[in-house]
Amino acid sequence: MHLSESVNTGFLFLAPWLVFFPVIGLLINTLFGHKFSERMIGAVASLASGAAFVVSVLLYVTVSGAHGEAMRWQLAEWMHIGTLSLDWTFRVDSLSTTMMLVVSGVGTLIHIYAIGYMHEDVRFKNDVGRFRRFFVFLNLFIAAMMVLITGDSYLMLFVGWEGVGLCSFLLVGFWYELDLLARPSWSNSFAAVKAFVANRVGDFGFLIATFIMFWAFGSLQFDKVFQQVPTVAPGVIIAITLFFLLGVTGKSAQVPLYVWLPDAMAGPTPVSALIHAATMVTAGVYLVARSAPLYSSVPEAQNIVALVGAVTALFAATIAAGQFDIKKVLAYSTISQLGFMVAAVGMGAYVAGIFHLVTHAFFKALLFLSAGSVILGMERGHHHAAHANHDNHGKGKKGKRKEERHDARAERSHSDSEGADEAHGEVFDPGDMRNMGGLRKTMPVTFWVYMAGMVALSGIPPFSGFWSKDEILLDASMHNQAAYWLLTIAAFFTAFYMGRQIWMVFFGEARHEAAARAEESPKVITVPLIILAALAVLGGALNLPFEGFHNLGHWLEATLGEVESLPLNLQVAGISTLLALLAILISWLMYARKPFAKDQTDPLASLGLFFKGMNNKWWMDELYHLLFINPYIKISYFIAEVIDWRFWHDWFHEKVIMGTYNWISFTGLNEYADQKGIDAFANGLGTWTQSLAGTLRKVQNGFVRSYALSILLGVVLILGYLIFK
Amino acid sequence: MEFILQPLTLVIFFPLVGVLALLFIPSENKNAMRWTALAVSVATFVISLWVLGRFDASNTDLQMVARYNWITVAGWNIQYFLGIDGLSILLVLLTTLLTPISILSTWTAVEERVKEYMIFFLLLEIGMNGVFLVQDLFLFYIFWEFTLVPMYFIIGIWGGPRRIYAALKFFLYTMAGSILMLLAILWLGIHGKTFSLPDLIAQGGIPANIQMWLFIAFAAAFAIKVPMWPLHSWLPDAHVEAPTAGSVILAGVLLKLGTYGFVRFNIPLFPEATLQAAPWIALLGTIGIIYGAAVSYAQPDIKKLVAYSSVSHLGFVMLGLFALNPEGIAGAILQMINHGISTGALFLLVGMVYEQTHTREFRVYGGLWKIMPVFGAIYLIVSLSSMGLPGLNGFVGEFTILLGAWGAGQNGIFYWGGVWFAGISAIGVIMAAIYILYMFQKMFMGPQGEVVEETKKHGRAIRDLNWREIVTVVPLLILIFWIGLYPAPFFNLIAPAVNHLVGTLPLP
Amino acid sequence: MIPVDYYIILSAILFTIGVLGVLVRRNALIIFMSIELMLNAANLAIVAFGSVFESFSGQIFVFFVIAVAAAEVAVGLALIVEIFRSKRSIDVDQVSSLKG
């Protein structure tokens, strides 16, 4: 234990329970869940996550009691070999408490939301048993994320880092068998594998960074590394930070490894909200912030990080503007916003980065969950529509819903693995914005919370996104002009695609029967949305750019060192606000003044190739296939079949080694040496022996008396010899 | 009695009790044979735990030594010499653990010639434990060759369609390498007037050029067994044809005989040659990692995939051993155990599903998770352990190996190779994710595969695991988590011996 | 005391009868008896020499021979019985399967 005696450790001993509570939750659900009702499963999981939140709050109290001083709690030994010594040590400081509050807070809300969401989702997808699995994975995720943010060494961070990657894999592939269903283009299991592999590429960078770090610093423990920064050559630190950057691009979906995140939307919506928007993907930002002393000492690396972030922000924003799937828009938006954060921490504006991380967690979780509510509403509507046509009994009334669903299930279980949609005939995509429209009226609560998220994301004052984004832009304008302009343009696109989405989804007329019959979600879904909406609106108060209001900045100062608290810059704020408003206005002109009609081509299509690029994600997936995936497959098949099997196994071993051996033994030795040499001699010997035996056998006449006689003669001869010699 | 009650002698020869008992069981009574074999192998495991209890990790000398003169003719001094230290104890435990598990795994899979089958397994256990515990080179060679015989029959009698070919190839291939080793052993014994390993190490003084030849002769035997690229060609054949339990033992323990040989004989006996050879072995290890991972991905057969993944994993072990620092060697030894556990478990699981579906082609699988949720979860955990997910056992080994290799590269152990070996090997971590996840995806995710219908046609429905099968894998699962989360007890067993070993090397 | 020569001569006569019996007769039982005769001829000679040299070893040796002869009788008779069972005769000339 390395605790200084003077510090009051308060609730520090609870730190491991951040991990234990979710693990206990998942164990209970794994072992006994089959006996529980859905409500019970959800309650256990939510309580586990809620308990982690309570612990986070208590730890926050403890840390603020110690003025943000870092505290460590050693749980157990881990790896001690040679000079390597690593322990399971939890680190509680202002940065990690901030993260754990966000993770467990937002996480718990999403758990609660998921009780309602998954209740319906498993029924639409016709596999009620999978409800439990979802919550097991979700708890596992919380546990892994807690390891990530409370780890006291880079390697413990890495445990969480890959652990959340695993959860991402499991949850993206949650509906692993549905690649023909609902969303024709999404092969869920491929998306899951893609997520894991892309992350692994990043993890490769992370690993290399830890190797360099260990042999340069002699430790992987944060404090020990940071203390020695001045004594280590900058070149080494640049290498470390850039390899970490590779890890960041994987986990936080930055160029060039971002490609997995859009596909990851194959997971159920609460997953997209929790993992692929609010928490896991921000791990990269956390990593850079955590490594602040390293990054701050090498400006060259910082510039690269900032540019990677800024380029990602703009690049992804353009793609988001060209998407039709409600979740894909949000996915690219997430990539773009992560770009903002990475750019911020890259420029050394760690507080701004973390601030944006927090507000983004609020409003992006809100947006995703609302989108999930929209999708559920659409599915309900679709369901009613199908049954209205089918049974001819008019509107699906609320009271009859359960019964109908029951029918539907029975019906579906008759149809085979092709899945639920056969019952409904055509392939219907409840996430396609072209099918929506006018949902403002049918789903009012969802509409209002969505609006809250939209204004926060677009950066309209005084909502939370404005303050955090503005802080990033302000820092960029001072440190890195290129990044500043990239980010400003990205902010413009952000407002545009959010405007586009709002107009397409909630305004105008319903473009599909399902949208017309859509239905508001139950309370278990809407209440968490309302809480998140409040946070999204007010979250900016954490760190207002006015004297005395830099709360988050001061809070993080204890961990990140001196933080510059900038006042509001009217020029930067003005430009970004004006651009956002302008973008929303443009989107209104394009999508709302003349409402988007059914089967209409997108007004953006007039941009020609540019829109095609945005719509097709700039063909990045195809490019990666061409450059990496196909060559990899080809090469490995070539090595496996041609080199390893046909050449090495079949040709070399069978033909050359065994063939040579066979030739020597059959032809060389058997035929020539053996048959014509040794055999001839041996046969000759044999023949001779045989003829000799033929002669001698006559002695053996079989009469005992003749044998006795020969014995007698022998005895007489021997005796005679002995006597007369 | 004193001779028999030596703990190490007991560990090695206790299975003989089972062999004798099995001889007297009438051949109709298959269950009695299974229970006898299981009971004896479990008892052996308990004995090995007793050895563990008596083992003092902080002592770097050989412990529980049993040493008797055996053949002392014409100035030759061959001894019955057993001893255990930190390098071998975990491997012995792995052997005694995997044997009952593999016996349990064939409860229903083997119905013919059960008696012979069980006898061969117990004999195999004797051979393997002998290799790990013997400290006399001559006796070592005997045990080394002895392991071939039962395995030859296990593959050749209970194997797949091309079993004779595979068994023969396995036998000849390994035999070919051992002959060179035998020559080297004879040279050492005659030159050093003793076959005792500790004495030979203490004597030292083998001229550098001869060391190199002896090193190569030993390495030939071990490298084939490991198998190191490019001598791996027998492995896929042997694995594909071997019955499930055969594959488990083959991957789990027999391959470790090779890596163990390197760390037990090559490194301490020929330190100068080891230093010279380090970059070359590391190069072969690195190639093996990448090559094995790439080839795994392209396999249509599950068992073949796992077989090639062994080439990749053991490349890691070799890389770690020849990093020649405590991190690398300890990591490599732990990785031997990890590989035994994870790959052993993978083969077990493949066997369980094969027993139901009678096919190992990916092509026909798919969506199994839905039908076999428990199996899917266990398979996932084992796969993840195999690809080195942090928190599971594979990671601890791989990380320490790569860390050690990187350090070795920086400190000039690898000469021209530098940190490239570790850097390129780390790509193997990505490639492992690719082939493992590909396998998992093809088997368990996606729409339901043809295999379900095919199996139904034969009047069987695919079922989830039964209790016996779960009991078979649970010990391995526990170890997967234990080593991953709390490897301290394991490292504590290995570390003093490894530090001692590294201390004896003339490192630059 | 009877001189030792007499014993020797008696022993030689007995032995010769035995040899002739074995060589001439075909009946296995007779051959067998002849063999016994030869054994006892030898015994007689040994005992005689033993008394001449005043040594017990001759007598002890004879005891062994008698014991062995008893065993031999058991085996030999059993063989004859078996031969009779299979051949329905104890004519040794009919037992010639080993003829080369």
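Everything numeric in this text was worked out from a predicted model, so none of it was measured.

A. Region of interest: the overall build of chain C. A count of helical and extended segments in chain C gives three helices and zero strands. Going from N to C terminus, chain C has its helices and strands arranged as α-α-α. Against the compact-globule benchmark of 13 Å for 100 residues, chain C has a radius of gyration of 17 Å, which places it well outside the compact range. Over its C-alpha atoms, taken along the principal directions, chain C stretches across nearly 50 × 25 × 25 Å. Within the span of chain C, comprising 100 residues, buried residues form 14% of the whole. Expressed as a percentage of contacts within chain C between residues at least 6 apart in sequence, the contacts between residues at least 24 apart total 47%.

B. Representation of the overall build of chain A. Tallying secondary structure elements over chain A gives 27 helices and two strands in all. Counted over contacts in chain A with a minimum sequence separation of 6, partners at least 24 positions apart contribute 81%.

C. Highlighting unusual backbone geometry. Residue Pro256 of chain A follows Val255 of chain A across a cis peptide bond; omega there is 10°. Along the chain, the position of Pro256 of chain A falls in the loop between α8 (234–251) and α9 (260–263). Positive phi, normally seen in glycine, also occurs at Met64 of chain B, with a value near 55°. Mapped onto the elements of the fold, Met64 of chain B is located in strand β1 (residues 63–71). For Met64 of chain B, a count of 18 C-beta atoms within 10 Å corresponds to the partly exposed category.

D. Summary view of the environment of Gly50 of chain A. All names here are of chain A. Mapping Gly50 onto the fold places it in helix α2 (residues 38–65). Using a count of 20 C-beta atoms within 10 Å as the deciding quantity, one classes Gly50 as buried. With 523 residues separating them along the chain, Gly50 and Ala573 place their C-alpha atoms 37 Å apart.

E. How the structure looks around the nonpolar core. Within the largest apolar cluster, 449 residues are counted, with the highest numbers of intra-cluster contacts made by Ala343, Ala365, Leu366 and Leu487 of chain A. The leading source of residues in this core is helix α15 (residues 350–391) of chain A, at 22 residues. Ranked by size, the runner-up nonpolar core spans six residues in total, among them Val19, Ala28, Ile31 and Val92 of chain C.

F. Expanded view of helix α8 (residues 163–192) of chain B. A rise of 1.5 Å per residue sets the reference length of α8 of chain B, with its 30 residues, at 44 Å; its end C-alpha atoms lie 42 Å apart and thus fit the reference within 8%. Within two residues after α8 of chain B, Lys193 of chain B carries a phi angle of roughly 65°, on the positive side.

G. Structural view of the interface of chain A and chain C. The partner chain C presents nine residues to the eleven residues of chain A that form the contact. Grouping the amino acids of the side of chain A that touches chain C by side-chain chemistry returns five nonpolar, three polar and three charged.

H. Examining the interface of chain A and chain B more closely. Counting from both sides, the interface comprises 41 residues of chain A and, opposite them, 46 residues of chain B. Residue assignment for the side of chain A that touches chain B shows that the elements contributing at least two residues are β1 (71–81), α5 (154–172), α6 (188–217) and α26 (620–696) of chain A. For the side of chain A that touches chain B, the element with the most residues is α6 of chain A, which contributes twelve residues. Tallied by class, residues from the side of chain A that touches chain B come to 25 nonpolar, nine polar and seven charged.

I. Structural context of the packing of helix α3 (residues 94–124) of chain A against helix α22 (residues 523–538) of chain A. Residue and element names in this part refer to chain A. Contact geometry of α3 with α22 gives a least axis separation of 7 Å together with a crossing angle of 150°. Judged by the angle between their axes, α3 and α22 are roughly antiparallel. In this structure, α3 meets α22 at a crossing whose hand is left-handed. From α3, Leu109, Ile112, Tyr113, Ile115, Gly116 and Tyr117 reach across to α22, where they touch Val524, Ile525, Pro528, Ile531 and Leu532. For the contact of α3 with α22, the residue count by class is ten nonpolar, one polar and no charged.

J. Representation of helix α19 (residues 464–479) of chain A. The end-to-end C-alpha distance of α19 of chain A is 23 Å, a good match for the 22 Å that 16 residues give at a rise of 1.5 Å each. Across the 16 residues that make up α19 of chain A, a large majority, 13, are buried.

K. Looking closely at the pairing of strand β2 (residues 84–92) of chain A. Residues and elements named next belong to chain A. Counting buried residues in β2 gives seven out of nine residues, a clear majority hidden from the surface. When β1 meets β2, the two strands line up antiparallel, connected through nine bridges. Bridge assignment links Ile81 to a residue of β2, and that residue is Leu84. Linking β1 to β2, which pair antiparallel, is a turn of two residues; within it Gly82 sits at a positive phi near 60°.

L. Local environment of the pairing of strand β2 (residues 78–84) of chain B. All names here are of chain B. The element β2 is extensively covered by neighbouring structure, given that five of its seven residues are classed as buried. In the sheet, β1 pairs with β2 via six bridges, with the strands oriented antiparallel. Residue pairing across strands places Ala66 opposite Leu82, the latter belonging to β2. The antiparallel hairpin formed by β1 and β2 contains six residues in its connecting segment, where Ala74 sits at a positive phi of about 50°.

M. Looking closely at the environment of Gly484 of chain B. For Gly484 of chain B, the position within the fold is in helix α21 (residues 467–485). C-alpha of Gly484 of chain B to C-alpha of Gly388 of chain B: the two residues are 96 residues apart in sequence and 9.5 Å apart in space.

N. Seen up close, the environment of Pro150 of chain B. All names here are of chain B. When you line up the elements, Pro150 lands in helix α7 (residues 148–158). By C-beta crowding, Pro150 is classed as buried, having 23 other C-beta atoms within 10 Å. Among residues more than four places away in sequence, those in contact with Pro150 are Phe120, Leu123, Leu124 and Gly127.

O. Seen up close, the confidence of the model for chain A. Residue and element names in this part refer to chain A. Per-residue pLDDT for chain A averages 83, and the proportion of residues at 70 or more is 92%. Below pLDDT 50 for its whole length, residues 1–6 participates in five contacts with residues either more than four positions away or in separate chains. Confidence drops under pLDDT 50 across residues 392–425; counting only partners more than four residues distant or on other chains, this segment forms 36 contacts.

P. Summary view of the packing of helix α5 (residues 114–133) of chain B against helix α6 (residues 137–146) of chain B. All names here are of chain B. With their axes 8 Å apart at the nearest point, α5 and α6 run at an angle of 150° to one another. Crossing angle aside, the handedness with which α5 passes α6 is left-handed. Counted together, Gly127, Gly130 and Val131 of α5 and Phe140, Phe143, Trp144 and Phe146 of α6 form the full contact between these two elements. The residue inventory of the contact of α5 with α6, partitioned by class, reads five nonpolar, two polar and no charged.

Thresholds applied
- Residues numbered from 1 in each chain as written.
- Chains lettered and ligands numbered in written order.
- Predicted model: local features only at pLDDT ≥ 70, side-chain atom pairs only at ≥ 80, totals over all residues.
- Helix = DSSP H or I, 4+ residues; strand = E, 2+ residues; numbered from the N terminus.
- Rg over C-alpha atoms; globule rule 2.2 N^0.38 Å.
- Buried ≥ 20, exposed ≤ 12 C-beta atoms within 10 Å, placed from the backbone.
- Contact = placed C-beta atoms within 7 Å.
- Core = buried A, V, L, I, M, F, W, Y, C linked by C-beta atoms within 7 Å.
- Expected span 1.5 Å × (residues − 1).
- Nonpolar A, V, L, I, M, F, W, Y, C, P; charged D, E, K, R; others polar.
- Axes fitted to C-alpha atoms, helices over the stretch in contact; angles between N-to-C directions.
- Parallel < 35°, antiparallel > 145°, perpendicular 65-115°, else oblique.
- Left-handed = near helix turned anticlockwise from the far one by under 90°.
- Pairing = 2+ DSSP bridges.
- pLDDT = per-residue confidence, 0-100.

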